[in-house]
Amino acid sequence: MTRTIAIINNKGGVGKTTSCLNLGVALSLLNKKVLLVDIDPQGNLTDAFININQLQYTIKDLLEGTITDINQVIKRNVRPYIDLIPSNNLLNGTEEKLLNEMSRETILKRILEPIKNNYDYVLIDCPPSLNLIVLNSLTASSEAIIPIATEYHALTGTNTIIQTIQKVKALLNSNLRLSGVFVTKYDERTNNDREIAEAIQNNFKSLCYKTIIRTNVKIKDATNIHKSVIDLDPTSNGAMDYMSLAKEIINQEQLIGGVINNG
Amino acid sequence: MGKSFNNDVFNSDFNVDSINGLNISKEAIEENKQATTPKIDLSNINLDEVKKQLKKEKAKQDPQAELEALMQEQERLKEKQKEYETLENYTKPPTENNEEKIPYTKKTMIFKQEYLDIINGISAITNTEIKGVLNKILELGINEMKKQDNSLVEKALKNSKKQRQEKAKDLII
(Lines give C-alpha, C1' and ligand atoms only; values in the text may rest on other atoms or scores of the structure.)
Protein backbone atom coordinates (compact mmCIF):
# COMPACT_ATOMS: atom_id res chain seq x y z
CA MET A 1 0.00 0.00 0.00
CA THR A 2 1.26 3.47 -0.86
CA ARG A 3 2.36 5.60 2.06
CA THR A 4 1.85 9.29 1.44
CA ILE A 5 3.96 11.23 3.93
CA ALA A 6 3.92 14.99 4.50
CA ILE A 7 7.19 16.27 5.91
CA ILE A 8 5.98 19.20 7.89
CA ASN A 9 7.17 21.90 10.29
CA ASN A 10 6.11 25.52 10.30
CA LYS A 11 9.61 26.57 11.33
CA GLY A 12 12.06 27.21 8.54
CA GLY A 13 15.54 25.71 8.39
CA VAL A 14 14.78 22.57 10.38
CA GLY A 15 15.76 20.30 7.50
CA LYS A 16 12.45 19.53 5.81
CA THR A 17 13.72 19.70 2.25
CA THR A 18 17.06 18.07 3.09
CA SER A 19 15.18 15.27 4.84
CA CYS A 20 12.67 14.88 2.03
CA LEU A 21 15.45 14.66 -0.55
CA ASN A 22 17.67 12.29 1.38
CA LEU A 23 14.81 10.10 2.57
CA GLY A 24 13.60 9.87 -1.02
CA VAL A 25 17.04 8.81 -2.24
CA ALA A 26 17.51 6.40 0.69
CA LEU A 27 14.10 4.79 0.10
CA SER A 28 14.83 4.43 -3.61
CA LEU A 29 18.12 2.72 -2.80
CA LEU A 30 16.13 0.34 -0.61
CA ASN A 31 14.11 -0.60 -3.73
CA LYS A 32 11.10 1.56 -2.99
CA LYS A 33 9.48 3.48 -5.82
CA VAL A 34 9.23 7.09 -4.69
CA LEU A 35 7.32 10.16 -5.84
CA LEU A 36 8.65 13.44 -4.45
CA VAL A 37 6.16 16.29 -4.38
CA ASP A 38 7.70 19.73 -4.02
CA ILE A 39 4.99 22.01 -2.73
CA ASP A 40 7.32 24.70 -1.42
CA PRO A 41 7.63 27.87 -3.57
CA GLN A 42 11.35 27.97 -2.77
CA GLY A 43 11.71 24.94 -5.09
CA ASN A 44 14.83 23.67 -3.33
CA LEU A 45 13.80 20.04 -3.63
CA THR A 46 13.22 20.50 -7.37
CA ASP A 47 16.58 22.21 -7.63
CA ALA A 48 18.31 19.07 -6.39
CA PHE A 49 17.26 17.24 -9.55
CA ILE A 50 16.48 19.69 -12.33
CA ASN A 51 16.98 23.31 -13.32
CA ILE A 52 14.04 25.23 -11.84
CA ASN A 53 14.36 27.95 -14.45
CA GLN A 54 13.64 25.57 -17.30
CA LEU A 55 10.34 24.20 -16.07
CA GLN A 56 7.40 24.31 -18.42
CA TYR A 57 4.81 23.18 -15.88
CA THR A 58 4.90 22.89 -12.10
CA ILE A 59 2.66 21.91 -9.19
CA LYS A 60 1.18 25.41 -9.45
CA ASP A 61 -0.43 24.51 -12.78
CA LEU A 62 -2.02 21.44 -11.28
CA LEU A 63 -3.29 23.24 -8.19
CA GLU A 64 -4.73 26.11 -10.19
CA GLY A 65 -6.21 23.72 -12.73
CA THR A 66 -4.49 25.24 -15.77
CA ILE A 67 -3.10 21.75 -16.45
CA THR A 68 -5.27 18.72 -15.69
CA ASP A 69 -3.01 15.97 -16.96
CA ILE A 70 -0.48 15.22 -14.22
CA ASN A 71 1.73 13.40 -16.74
CA GLN A 72 2.57 16.74 -18.31
CA VAL A 73 3.99 17.97 -15.02
CA ILE A 74 5.59 14.91 -13.50
CA LYS A 75 9.33 14.43 -14.14
CA ARG A 76 10.03 10.74 -14.54
CA ASN A 77 13.19 9.03 -13.31
CA VAL A 78 14.99 12.11 -12.08
CA ARG A 79 17.00 9.43 -10.35
CA PRO A 80 16.42 5.66 -10.58
CA TYR A 81 13.17 4.83 -8.77
CA ILE A 82 12.34 8.50 -8.20
CA ASP A 83 9.75 10.70 -9.95
CA LEU A 84 9.24 14.36 -9.10
CA ILE A 85 6.43 16.88 -9.20
CA PRO A 86 8.40 20.13 -9.39
CA SER A 87 7.78 23.56 -7.97
CA ASN A 88 9.22 27.05 -8.22
CA ASN A 89 8.56 30.57 -6.95
CA LEU A 90 5.47 30.93 -9.17
CA LEU A 91 3.62 28.92 -6.53
CA ASN A 92 3.70 31.98 -4.28
CA GLY A 93 0.50 33.45 -5.66
CA THR A 94 -1.45 30.20 -5.79
CA GLU A 95 -2.89 30.16 -2.29
CA GLU A 96 -4.89 33.32 -2.86
CA LYS A 97 -6.30 31.92 -6.09
CA LEU A 98 -7.45 28.78 -4.34
CA LEU A 99 -9.32 30.49 -1.54
CA ASN A 100 -12.59 30.66 -3.41
CA GLU A 101 -12.36 27.20 -4.91
CA MET A 102 -14.85 24.51 -3.97
CA SER A 103 -13.39 21.98 -1.56
CA ARG A 104 -10.09 23.84 -1.78
CA GLU A 105 -8.43 21.70 0.91
CA THR A 106 -8.69 18.51 -1.16
CA ILE A 107 -7.20 19.76 -4.43
CA LEU A 108 -3.81 18.07 -3.98
CA LYS A 109 -5.51 14.87 -2.85
CA ARG A 110 -7.51 14.79 -6.08
CA ILE A 111 -4.37 15.51 -8.12
CA LEU A 112 -2.39 12.64 -6.59
CA GLU A 113 -5.23 10.11 -6.47
CA PRO A 114 -4.84 8.68 -10.01
CA ILE A 115 -1.09 8.10 -9.81
CA LYS A 116 -0.18 7.50 -6.21
CA ASN A 117 -0.69 3.75 -6.40
CA ASN A 118 2.24 3.57 -8.82
CA TYR A 119 4.55 4.30 -5.90
CA ASP A 120 5.53 2.79 -2.58
CA TYR A 121 6.16 6.20 -1.07
CA VAL A 122 4.91 9.68 -1.88
CA LEU A 123 6.90 12.29 0.06
CA ILE A 124 5.52 15.83 0.21
CA ASP A 125 7.98 18.59 1.03
CA CYS A 126 5.83 21.24 2.77
CA PRO A 127 6.66 24.94 3.00
CA PRO A 128 7.51 26.43 6.43
CA SER A 129 3.96 27.49 7.16
CA LEU A 130 0.57 26.10 8.17
CA ASN A 131 -1.35 27.66 5.29
CA LEU A 132 -3.84 26.27 2.80
CA ILE A 133 -1.08 24.61 0.78
CA VAL A 134 0.02 22.71 3.90
CA LEU A 135 -3.60 21.80 4.69
CA ASN A 136 -3.78 20.37 1.17
CA SER A 137 -0.63 18.34 1.84
CA LEU A 138 -2.04 16.95 5.08
CA THR A 139 -5.38 16.15 3.47
CA ALA A 140 -3.61 14.27 0.69
CA SER A 141 -1.38 12.33 3.10
CA SER A 142 -1.81 9.20 5.13
CA GLU A 143 0.99 10.21 7.47
CA ALA A 144 2.90 13.22 8.73
CA ILE A 145 6.49 13.29 9.91
CA ILE A 146 7.96 16.25 11.77
CA PRO A 147 11.67 17.02 11.65
CA ILE A 148 12.73 19.01 14.72
CA ALA A 149 16.07 20.81 14.84
CA THR A 150 17.97 20.97 18.11
CA GLU A 151 17.44 24.68 18.47
CA TYR A 152 16.09 26.98 21.13
CA HIS A 153 12.25 26.80 21.29
CA ALA A 154 12.38 23.63 19.23
CA LEU A 155 9.40 22.17 21.04
CA THR A 156 7.24 25.27 21.33
CA GLY A 157 6.15 25.23 17.69
CA THR A 158 5.43 21.52 17.57
CA ASN A 159 2.24 21.87 19.64
CA THR A 160 0.72 24.00 16.90
CA ILE A 161 1.66 21.43 14.25
CA ILE A 162 0.21 18.59 16.26
CA GLN A 163 -3.01 20.51 16.85
CA THR A 164 -3.17 21.20 13.12
CA ILE A 165 -2.71 17.50 12.37
CA GLN A 166 -5.46 16.62 14.87
CA LYS A 167 -7.84 19.14 13.35
CA VAL A 168 -7.13 17.95 9.82
CA LYS A 169 -7.72 14.40 11.00
CA ALA A 170 -11.03 15.42 12.57
CA LEU A 171 -12.33 17.54 9.72
CA LEU A 172 -10.60 16.69 6.49
CA ASN A 173 -8.73 13.40 6.53
CA SER A 174 -9.61 10.78 9.09
CA ASN A 175 -6.87 8.50 7.73
CA LEU A 176 -4.12 10.92 8.73
CA ARG A 177 -1.76 9.99 11.55
CA LEU A 178 1.45 11.33 12.99
CA SER A 179 4.02 8.65 12.23
CA GLY A 180 6.81 10.28 14.15
CA VAL A 181 9.24 13.07 14.77
CA PHE A 182 12.97 12.99 14.32
CA VAL A 183 15.80 15.16 15.57
CA THR A 184 17.92 17.03 13.01
CA LYS A 185 21.08 19.15 13.14
CA TYR A 186 22.25 17.36 16.25
CA ASP A 187 25.73 18.11 17.54
CA GLU A 188 26.54 15.66 20.30
CA ARG A 189 29.46 17.80 21.47
CA THR A 190 27.18 20.52 22.84
CA ASN A 191 25.17 20.27 26.06
CA ASN A 192 22.42 22.32 24.47
CA ASP A 193 21.83 19.79 21.68
CA ARG A 194 21.98 16.84 24.05
CA GLU A 195 19.40 18.46 26.35
CA ILE A 196 17.06 19.42 23.53
CA ALA A 197 17.30 15.98 21.91
CA GLU A 198 16.53 14.39 25.28
CA ALA A 199 13.55 16.72 25.77
CA ILE A 200 12.21 15.82 22.32
CA GLN A 201 12.63 12.11 23.03
CA ASN A 202 10.92 12.43 26.43
CA ASN A 203 8.11 14.44 24.95
CA PHE A 204 7.32 12.19 22.03
CA LYS A 205 8.50 8.87 23.50
CA SER A 206 7.75 6.02 21.05
CA LEU A 207 6.73 8.55 18.40
CA CYS A 208 10.33 9.77 18.23
CA TYR A 209 12.43 7.89 15.68
CA LYS A 210 15.56 6.32 17.14
CA THR A 211 17.68 7.76 14.35
CA ILE A 212 19.06 11.22 15.01
CA ILE A 213 20.33 13.24 12.05
CA ARG A 214 23.69 14.52 13.15
CA THR A 215 25.01 17.84 11.97
CA ASN A 216 27.40 17.02 9.20
CA VAL A 217 29.49 19.17 6.89
CA LYS A 218 28.76 16.79 4.02
CA ILE A 219 25.03 17.58 4.28
CA LYS A 220 25.85 21.26 3.82
CA ASP A 221 28.25 20.49 0.96
CA ALA A 222 25.60 18.37 -0.74
CA THR A 223 22.99 21.12 -0.40
CA ASN A 224 25.41 23.60 -1.96
CA ILE A 225 25.86 21.48 -5.05
CA HIS A 226 22.16 20.47 -5.25
CA LYS A 227 22.72 16.83 -4.42
CA SER A 228 21.70 14.36 -1.77
CA VAL A 229 24.35 13.61 0.85
CA ILE A 230 23.97 9.93 -0.06
CA ASP A 231 25.09 10.73 -3.61
CA LEU A 232 27.89 13.01 -2.45
CA ASP A 233 29.41 10.76 0.16
CA PRO A 234 27.60 7.53 1.03
CA THR A 235 30.01 6.83 3.87
CA SER A 236 29.39 10.14 5.65
CA ASN A 237 27.45 10.36 8.93
CA GLY A 238 24.70 12.29 7.14
CA ALA A 239 24.22 9.55 4.54
CA MET A 240 24.26 6.81 7.14
CA ASP A 241 21.75 8.65 9.35
CA TYR A 242 19.29 9.10 6.51
CA MET A 243 19.68 5.47 5.41
CA SER A 244 18.97 4.41 8.98
CA LEU A 245 15.92 6.69 9.21
CA ALA A 246 14.60 5.32 5.92
CA LYS A 247 14.91 1.78 7.28
CA GLU A 248 13.02 2.79 10.43
CA ILE A 249 10.27 4.27 8.30
CA ILE A 250 10.09 1.11 6.19
CA ASN A 251 9.89 -1.02 9.32
CA GLN A 252 6.81 0.94 10.36
CA GLU A 253 5.00 -0.69 7.44
CA GLN A 254 4.34 -3.70 9.65
CA LEU A 255 2.83 -1.49 12.35
CA ILE A 256 0.51 0.52 10.14
CA GLY A 257 -3.00 0.20 11.37
CA GLY A 258 -1.65 -1.00 14.69
CA VAL A 259 0.60 0.66 17.20
CA ILE A 260 1.35 3.84 15.31
CA ASN A 261 -2.28 4.57 14.70
CA ASN A 262 -2.26 7.21 17.39
CA GLY A 263 -5.81 8.40 16.91
CA MET B 1 -4.92 36.10 2.79
CA GLY B 2 -7.37 35.12 5.50
CA LYS B 3 -8.85 38.61 5.41
CA SER B 4 -9.95 38.47 1.82
CA PHE B 5 -11.58 35.13 2.45
CA ASN B 6 -13.29 36.17 5.69
CA ASN B 7 -14.76 39.16 3.91
CA ASP B 8 -16.41 36.88 1.41
CA VAL B 9 -19.84 37.39 2.94
CA PHE B 10 -21.66 36.42 -0.24
CA ASN B 11 -20.60 32.84 -0.18
CA SER B 12 -22.69 31.28 2.56
CA ASP B 13 -21.42 27.77 1.80
CA PHE B 14 -18.11 28.52 3.46
CA ASN B 15 -18.54 28.26 7.18
CA VAL B 16 -18.14 26.58 10.54
CA ASP B 17 -14.80 25.06 11.33
CA SER B 18 -11.40 26.61 11.00
CA ILE B 19 -7.79 25.49 11.22
CA ASN B 20 -5.12 28.05 12.07
CA GLY B 21 -7.56 30.83 11.21
CA LEU B 22 -8.42 29.29 7.85
CA ASN B 23 -12.08 28.43 7.46
CA ILE B 24 -12.59 24.93 6.19
CA SER B 25 -15.00 24.46 3.33
CA LYS B 26 -18.20 22.55 3.97
CA GLU B 27 -17.63 20.37 0.89
CA ALA B 28 -14.24 19.14 2.09
CA ILE B 29 -15.69 18.21 5.48
CA GLU B 30 -18.60 16.42 3.82
CA GLU B 31 -16.18 14.57 1.55
CA ASN B 32 -14.26 13.33 4.58
CA LYS B 33 -17.47 12.29 6.35
CA GLN B 34 -18.60 10.33 3.32
CA ALA B 35 -15.23 8.61 3.04
CA THR B 36 -15.42 7.44 6.63
CA THR B 37 -19.09 6.47 6.78
CA PRO B 38 -19.65 2.78 6.05
CA LYS B 39 -21.58 2.30 2.83
CA ILE B 40 -23.99 -0.21 4.40
CA ASP B 41 -26.55 1.47 6.61
CA LEU B 42 -26.38 -0.73 9.71
CA SER B 43 -29.43 0.88 11.26
CA ASN B 44 -31.65 -0.56 8.53
CA ILE B 45 -30.52 -4.14 8.96
CA ASN B 46 -33.10 -6.48 10.48
CA LEU B 47 -31.29 -9.22 12.41
CA ASP B 48 -34.22 -11.65 12.19
CA GLU B 49 -34.23 -11.30 8.42
CA VAL B 50 -30.49 -12.00 8.28
CA LYS B 51 -30.93 -15.14 10.41
CA LYS B 52 -33.76 -16.39 8.17
CA GLN B 53 -31.63 -15.78 5.10
CA LEU B 54 -28.73 -17.70 6.57
CA LYS B 55 -30.98 -20.66 7.43
CA LYS B 56 -32.32 -20.71 3.89
CA GLU B 57 -28.83 -20.68 2.43
CA LYS B 58 -27.77 -23.56 4.66
CA ALA B 59 -30.78 -25.61 3.60
CA LYS B 60 -29.90 -24.98 -0.02
CA GLN B 61 -26.49 -26.60 0.38
CA ASP B 62 -26.14 -29.85 -1.56
CA PRO B 63 -25.69 -32.89 0.76
CA GLN B 64 -24.02 -34.79 -2.12
CA ALA B 65 -21.32 -32.12 -2.41
CA GLU B 66 -20.80 -32.23 1.32
CA LEU B 67 -20.35 -36.02 1.20
CA GLU B 68 -17.85 -35.71 -1.66
CA ALA B 69 -15.86 -33.14 0.26
CA LEU B 70 -15.78 -35.47 3.27
CA MET B 71 -14.56 -38.37 1.13
CA GLN B 72 -11.87 -36.20 -0.40
CA GLU B 73 -10.74 -35.20 3.04
CA GLN B 74 -10.61 -38.88 4.05
CA GLU B 75 -8.46 -39.67 0.99
CA ARG B 76 -6.15 -36.80 1.83
CA LEU B 77 -5.74 -38.11 5.37
CA LYS B 78 -4.93 -41.60 4.06
CA GLU B 79 -2.25 -40.14 1.78
CA LYS B 80 -0.81 -38.23 4.72
CA GLN B 81 -0.75 -41.44 6.78
CA LYS B 82 1.17 -43.26 4.00
CA GLU B 83 3.60 -40.39 3.70
CA TYR B 84 4.16 -40.46 7.43
CA GLU B 85 4.79 -44.21 7.48
CA THR B 86 7.37 -43.95 4.70
CA LEU B 87 9.10 -41.13 6.48
CA GLU B 88 9.12 -43.15 9.67
CA ASN B 89 10.89 -46.03 7.87
CA TYR B 90 13.62 -43.72 6.73
CA THR B 91 14.19 -42.22 10.14
CA LYS B 92 14.23 -45.55 12.03
CA PRO B 93 17.69 -46.84 13.12
CA PRO B 94 18.87 -49.95 11.21
CA THR B 95 17.83 -53.28 12.72
CA GLU B 96 18.37 -56.92 11.85
CA ASN B 97 15.63 -56.98 9.18
CA ASN B 98 16.87 -56.64 5.61
CA GLU B 99 13.78 -54.61 4.69
CA GLU B 100 14.96 -51.83 6.92
CA LYS B 101 18.17 -51.27 4.98
CA ILE B 102 16.25 -48.94 2.62
CA PRO B 103 18.15 -45.72 3.34
CA TYR B 104 21.52 -47.32 2.58
CA THR B 105 20.38 -48.99 -0.63
CA LYS B 106 18.81 -45.74 -1.73
CA LYS B 107 22.11 -43.92 -1.29
CA THR B 108 23.77 -46.39 -3.64
CA MET B 109 20.92 -46.07 -6.11
CA ILE B 110 21.27 -42.32 -6.25
CA PHE B 111 25.00 -42.69 -6.82
CA LYS B 112 24.35 -45.22 -9.59
CA GLN B 113 21.85 -43.00 -11.34
CA GLU B 114 24.13 -39.96 -11.17
CA TYR B 115 27.05 -41.95 -12.46
CA LEU B 116 25.00 -43.39 -15.32
CA ASP B 117 23.98 -39.89 -16.30
CA ILE B 118 27.62 -38.84 -16.40
CA ILE B 119 28.58 -41.88 -18.52
CA ASN B 120 25.76 -41.21 -20.96
CA GLY B 121 26.80 -37.59 -21.15
CA ILE B 122 30.44 -38.37 -21.84
CA SER B 123 29.71 -41.11 -24.38
CA ALA B 124 27.38 -38.82 -26.26
CA ILE B 125 30.16 -36.36 -26.95
CA THR B 126 33.16 -38.72 -27.20
CA ASN B 127 33.95 -42.18 -28.51
CA THR B 128 31.14 -44.63 -27.61
CA GLU B 129 33.71 -47.32 -26.79
CA ILE B 130 34.52 -45.45 -23.62
CA LYS B 131 31.10 -46.47 -22.31
CA GLY B 132 32.25 -50.06 -21.63
CA VAL B 133 35.24 -48.92 -19.60
CA LEU B 134 33.17 -46.47 -17.62
CA ASN B 135 30.54 -49.11 -16.91
CA LYS B 136 33.23 -51.30 -15.36
CA ILE B 137 34.36 -48.38 -13.19
CA LEU B 138 30.75 -47.88 -12.17
CA GLU B 139 30.44 -51.52 -11.10
CA LEU B 140 33.59 -51.23 -9.03
CA GLY B 141 32.32 -48.00 -7.49
CA ILE B 142 28.96 -49.50 -6.63
CA ASN B 143 30.56 -52.59 -5.07
CA GLU B 144 32.78 -50.35 -3.00
CA MET B 145 29.85 -48.24 -1.84
CA LYS B 146 27.78 -51.32 -1.04
CA LYS B 147 30.62 -52.61 1.08
CA GLN B 148 30.69 -49.30 2.94
CA ASP B 149 26.93 -49.31 3.35
CA ASN B 150 26.89 -52.87 4.58
CA SER B 151 29.67 -52.22 7.08
CA LEU B 152 27.69 -49.23 8.37
CA VAL B 153 24.59 -51.37 8.73
CA GLU B 154 26.55 -54.12 10.46
CA LYS B 155 28.03 -51.61 12.85
CA ALA B 156 24.61 -50.18 13.64
CA LEU B 157 23.21 -53.67 14.14
CA LYS B 158 26.02 -54.58 16.49
CA ASN B 159 25.44 -51.42 18.48
CA SER B 160 21.72 -51.98 18.80
CA LYS B 161 22.30 -55.65 19.81
CA LYS B 162 24.77 -54.48 22.43
CA GLN B 163 22.29 -51.92 23.73
CA ARG B 164 19.52 -54.49 23.94
CA GLN B 165 21.78 -56.89 25.82
CA GLU B 166 22.73 -54.18 28.27
CA LYS B 167 19.07 -53.30 28.78
CA ALA B 168 18.27 -56.97 29.40
CA LYS B 169 21.11 -57.17 31.93
CA ASP B 170 19.70 -54.15 33.76
CA LEU B 171 16.28 -55.80 33.88
CA ILE B 172 17.69 -59.06 35.32
CA ILE B 173 19.64 -57.16 37.98
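Residues numbered from 1 in each chain as written. Chains lettered and ligands numbered in written order. Predicted model: local features only at pLDDT ≥ 70, side-chain atom pairs only at ≥ 80, totals over all residues. Heavy atoms only, no water.

> Is there a simple way to explain the overall build of chain B in this structure?
For chain B, the helix and strand inventory stands at six helices and two strands. With the model as given, the accessible surface of chain B reaches about 14800 Å², and the carbon-plus-sulfur share is 55%. (Helix = DSSP H or I, 4+ residues; strand = E, 2+ residues; numbered from the N terminus. Areas by Shrake-Rupley, 256 points an atom, 1.4 Å probe, with all protein chains shown as cover.)

> Would you mind showing me how to read the interface of chain B and chain A here?
A common way to state how big an interface is: give the accessible area lost once the parts meet. Contacts between the two partners involve 19 residues from chain B, matched on the other side by 23 residues from chain A. Interface of chain B and chain A: buried area, both sides summed, is about 1800 Å²; carbon and sulfur atoms make up 58% of it. When the area that chain B buries against chain A is broken down by residue, the three leading residues are Ile19, Asn20 and Asn32 of chain B, summing to 29%. For the pair chain B and chain A, the interface holds zero salt bridges. Applying the counting criterion to the chain B and chain A interface returns seven residue pairs in polar contact (both at pLDDT 80 or more). Secondary-structure elements contributing two or more residues to the side of chain B that touches chain A are α1 (2-6), β1 (14-19), β2 (22-25) and α2 (26-36) of chain B. For the side of chain B that touches chain A, the element with the most residues is α2 of chain B, which contributes six residues. (Contact = heavy atoms within 4.5 Å. Buried area = accessible area lost by both parts, 1.4 Å probe. Salt bridge = Lys/Arg side-chain N within 4 Å of Asp/Glu carboxyl O. Polar contact = N/O pair within 3.5 Å; in protein donor to acceptor, adjacent residues only side chain to side chain.)

> Hey, could you run me through the packing of helix α6 (residues 132-140) of chain A against helix α7 (residues 158-171) of chain A in this one?
Any two packed helices are characterised by how steeply their axes cross, that is the angle between the axes, and by the distance between the axes. Residue and element names in this part refer to chain A. Close contact between α6 and α7 brings their axes to 10 Å; oriented N to C, the two are set at 60°. Classed by the angle they form, the pair α6 and α7 counts as oblique. Note that α6 runs across α7; the crossing there is right-handed. Of α7, the residues touching α6 (which contributes Leu135, Leu138 and Thr139) are Thr164, Ile165 and Val168. The residue inventory of the contact of α6 with α7, partitioned by class, reads four nonpolar, two polar and no charged. (Axes fitted to C-alpha atoms, helices over the stretch in contact; angles between N-to-C directions. Parallel < 35°, antiparallel > 145°, perpendicular 65-115°, else oblique. Left-handed = near helix turned anticlockwise from the far one by under 90°. Nonpolar A, V, L, I, M, F, W, Y, C, P; charged D, E, K, R; others polar.)

> Hey, could you run me through the nonpolar core in this one?
All names here are of chain A. Ile8, Leu35, Leu63, Ile85, Leu112, Leu138 and Ile146 are the most contacted members of the largest nonpolar core, which totals 58 residues. Examining the composition of this core, we find that six residues originate from one element, α6, more than from any other. Leu63 has contacts with Ile39, Leu91, Thr94, Leu98, Ile107, Leu108, Ile111 and Ile133, leaving out every residue within four places of it along the chain. Counting residues in each nonpolar core, the second largest holds 32 residues, with Ile5, Leu84, Met243 and Ile250 among its members. (Core = buried A, V, L, I, M, F, W, Y, C linked by side-chain atoms within 4.5 Å. Buried < 20%, exposed > 50% of the residue type's maximum accessible area, 1.4 Å probe, protein only.)

> Explain the state of the cysteines to me, please; I cannot follow it from the model alone.
Cysteine pairs can be linked by a disulfide, which is a covalent bond between their two sulfur atoms. Summed over all chains, the structure comprises zero disulfides over all chains. Unpaired in terms of disulfides, Cys126 of chain A finds its nearest cysteine sulfur in Cys20 of chain A, a separation of 8.4 Å. (Disulfide = S-S within 2.5 Å.)

> Just to check I follow, could you spell out the pairing of strand β2 (residues 34-38) of chain A for this structure?
Two faces, one strand: in a regular strand the side chains alternate between the faces of the sheet. Residue and element names in this part refer to chain A. Burial runs high along β2: five of the five residues are buried. Here β2 shows no split at all, with Val34, Leu36 and Asp38 on one side and Leu35 and Val37 on the other all buried. Pairing geometry for β2 and strand β4 (residues 82-85), over four bridges, is parallel. What sits directly across from Leu36, in β4, is Leu84. Both β2 and strand β5 (residues 121-125) contribute to a ladder of five bridges, which runs parallel. Bridge assignment links Leu36 to a residue of β5, and that residue is Leu123. (Pairing = 2+ DSSP bridges.)

> So what exactly am I meant to see when it comes to the layout of surface pockets here?
Left-over empty space is what a probe sized like a water molecule reveals as it rolls over the atoms. Here the largest pocket defines a volume of roughly 600 Å³. Residue lining of the largest pocket: 30 residues in total, with Gly15, Thr17, Thr18, Ile219 and Thr223 of chain A positioned closest to the centre. Looking at the lining of the largest pocket, the elements that each hand over two or more residues are α1 (16-29), α2 (44-47), β7 (177-186), β8 (208-214) and α9 (217-224) of chain A. If you tally residues by element for the lining of the largest pocket, the top one is α1 of chain A, at five residues. The class makeup of the residues in the lining of the largest pocket is nine nonpolar, 14 polar and seven charged. In this structure, the second largest pocket occupies an estimated 380 Å³ of space. Considering the residues around the second largest pocket, the lining is formed by 20 residues, among which Lys116, Ser141, Ser142, Asn173 and Asn175 of chain A are closest to the centre. Put simply, the parts of the chain that give the lining of the second largest pocket at least two residues each are α5 (107-112) and α6 of chain A together with α2 of chain B. If you tally residues by element for the lining of the second largest pocket, the top one is α2 of chain B, at three residues. (1 Å grid on protein atoms, 1.4 Å probe; cavity = no way out; pocket = protein on both sides within 12 Å on 5 of 7 lines; lining within 4 Å. Points joined across faces, edges and corners; volume = space filled by probe spheres on them.)

> Which parts of the structure should I look at to understand the side chain of Ser228 of chain A?
Here Ser228 of chain A lies in the loop between α9 and α10 (229-232). Leave out the neighbours within four places in its chain, and Ser228 of chain A touches Leu21, Asn22, Val25 and Ala222 of chain A.

> Sorry, what's going on with unusual backbone geometry here?
Excluding glycine, residues mostly carry a negative phi; peptide bonds, for their part, are mostly trans. All names here are of chain A. For Asn77, which is not glycine, the phi torsion reads 50° and is therefore positive. Residue position: Asn77 is located in strand β3 (residues 75-79). For Asn77, a relative accessible area of 53% translates into the label exposed. In this structure, Tyr81 is a non-glycine residue whose phi angle is positive, near 75°. Tyr81 sits in the partly exposed class, given a relative accessible area of 38%.

> Would you mind going over the sheet that holds strand β6 (residues 143-149) of chain A with me for this structure?
All names here are of chain A. The strand order β3-β4-β2-β5-β1-β6-β7-β8 describes an open sheet built from eight strands, whose pairing is mixed. Edge strands, defined here as strands with exactly one partner in the open sheet, are β3 and β8. Taken pair by pair, the neighbouring strands of this sheet meet at an average axis angle of 25°, ignoring direction. When β3 meets β4, the two strands line up antiparallel, connected through two bridges. When the sheet's bridge partners are listed, Lys75 is paired in β4 with Leu84. Helix-sheet contacts for α1 involve β1 (3-7), β2, β3, β4, β5, β6 and β7, and the interaxial angle to β5 is about 165°.

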